[in-house]
Amino acid sequence: MCGIVGLFFKRGAATASLGPLLAGMLSQMRERGPDSTGFALYGEDAPQGAFKATLRAPADEYDWQAFEGEFGAVFPLPCPARHYRSHAVFTIAADPEPVFAWLARRHPGLGVFGFGQRIEVFKDVGLPDAVARRFDLAHRAGTHGLGHTRMATESAVTTEHSHPFATGPDLCLVHNGSLSNHNRLRQSLRREGIRFVTDNDTEVAAGYLTWRMRQGMSLTEALEAALADLDGFYTFAVGTRDGFAILRDPIACKPAVLAETDEWVAMATEYRAIATLPGASTAEIWEPHPATVYSWQRQ
């Protein structure tokens, strides 16, 4: 019953309209997911040799300034962090693995919600309008973004269990449906070095795509492989640094609508979210076919 939205600007340049348009789409999905809301934005690139990481503290009143002082004494921080209450986006001039090992050792209460050259991930318990305000979505720019409103069916209602799930550099996934073989897949993917922090089935789907792309597959190839390896019902929306893709399972029992203009591609669980977009009335609109990957790359 969850709600998914996605918006991808085809021209490749970051636009200030991404945040407010994505917020409006998410608002239309509030009845489909009253438990939690999340979104991922793809904005400006981190400086060469650096990456961005979205960290989440267990409380809004976390002392990010003190943490930044300690963090910056160990790892170079090319620019000041941006704080959004319980979340903060850091730009770090280092390899990710030593950073994550240090965080796990020195600050185990901090979660890493996303990392890469361009991705920033925000999520929390609550309705979409409130979560969008909390993280200032209406004033955020970017080239593309994904959003999700969750009605929990198989795991706890917590911030950590909210979508999107980001398990690799610049990759994130949102999902409507349920997977029946996620426990077995989680075990096998852990042996391949994929890390999981929840028991949520969607995190397994994201981890699977990360694993496949580490093997050299494109996003489209990884999603095609998922058709054979993931059991269950699903509509997936996936973001990468420069790409956006949609996949429904072979039965396609979970709703989805796609729309495309010369300027953008949009996806939503229901058309009413797409109808909020400028140019929607003249867009090409269709229902994505079962077991078919639809993907776009920045031009």
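Further up the page is the structure itself.
In this text the structure is predicted, and so the values were computed from the model without any measurement.

Caption draft 1: Main features of helix H7 (residues 219-229). Looking at H7, one finds that the buried residues are Leu219, Ala222, Leu223, Ala225 and Ala226. Mapping the buried residues of H7 onto a view down its axis gives an arc of 160 degrees, with all of them on the same face. Looking at the packing, one finds that the buried side of H7 touches helix H6 (201-214), strand E11 (232-239) and strand E12 (243-248).

Caption draft 2: Structural context of the sheet that holds strand E6 (residues 111-116). With antiparallel pairing, the four strands of this open sheet are ordered in space as E4-E5-E3-E6. Two strands bound the open sheet, and with one partner strand each, they are strand E4 (82-84) and E6. Here the strands of the sheet are splayed against their neighbours by 20 degrees on average, with no regard to which way each runs. Inspection of the sheet shows strand E3 (residues 51-56) paired to E6 by five bridges, in the antiparallel sense. Each residue of the ladder has a partner; that of Thr54, found in E6, is Gly114. Contacting E3, E4 and strand E5 (87-92), helix H2 (residues 64-72) runs over the sheet at an angle of about 20 degrees to E5.

Caption draft 3: Fine view of the pattern of salt bridges. Throughout the structure, instances matching the rule amount to 19 salt bridges. The salt bridge involving Glu31 is made with Arg272; its shortest N-O contact spans 3.4 Å. Taken together, the positions of Glu31 in the loop between helix H1 (18-27) and strand E2 (36-42) and Arg272 in helix H8 (residues 271-274) put the pair 241 residues apart, joining distant regions of the chain. Take Glu31: its relative accessible area is 45%, and that puts it in the partly exposed class.

Caption draft 4: A look at the state of the cysteines. In this structure the tally under the stated criterion is zero disulfides. The structure places no disulfide on Cys253, whose sulfur is separated from the nearest cysteine sulfur, that of Cys2, by 13 Å. Take Cys253: its relative accessible area is 43%, and that puts it in the partly exposed class.

Caption draft 5: Region of interest: unusual backbone geometry. Residue Pro164 follows His163 across a cis peptide bond; omega there is 0 degrees. Its location among the elements puts Pro164 in the loop between strand E8 (144-150) and strand E9 (165-168). A positive phi angle, close to 55 degrees, is found at Asp136, a residue other than glycine. The backbone of Asp170 sits at a positive phi, close to 65 degrees, despite the residue not being glycine.

The rules behind these values
Residues numbered from 1 in each chain as written. Predicted model: local features only at pLDDT ≥ 70, side-chain atom pairs only at ≥ 80, totals over all residues. Heavy atoms only, no water. Buried < 20%, exposed > 50% of the residue type's maximum accessible area, 1.4 Å probe, protein only. Helix = DSSP H or I, 4+ residues; strand = E, 2+ residues; numbered from the N terminus. Arc of directions from axis to C-beta. Contact = heavy atoms within 4.5 Å. Pairing = 2+ DSSP bridges. Axes fitted to C-alpha atoms, helices over the stretch in contact; angles between N-to-C directions. Salt bridge = Lys/Arg side-chain N within 4 Å of Asp/Glu carboxyl O. Disulfide = S-S within 2.5 Å.

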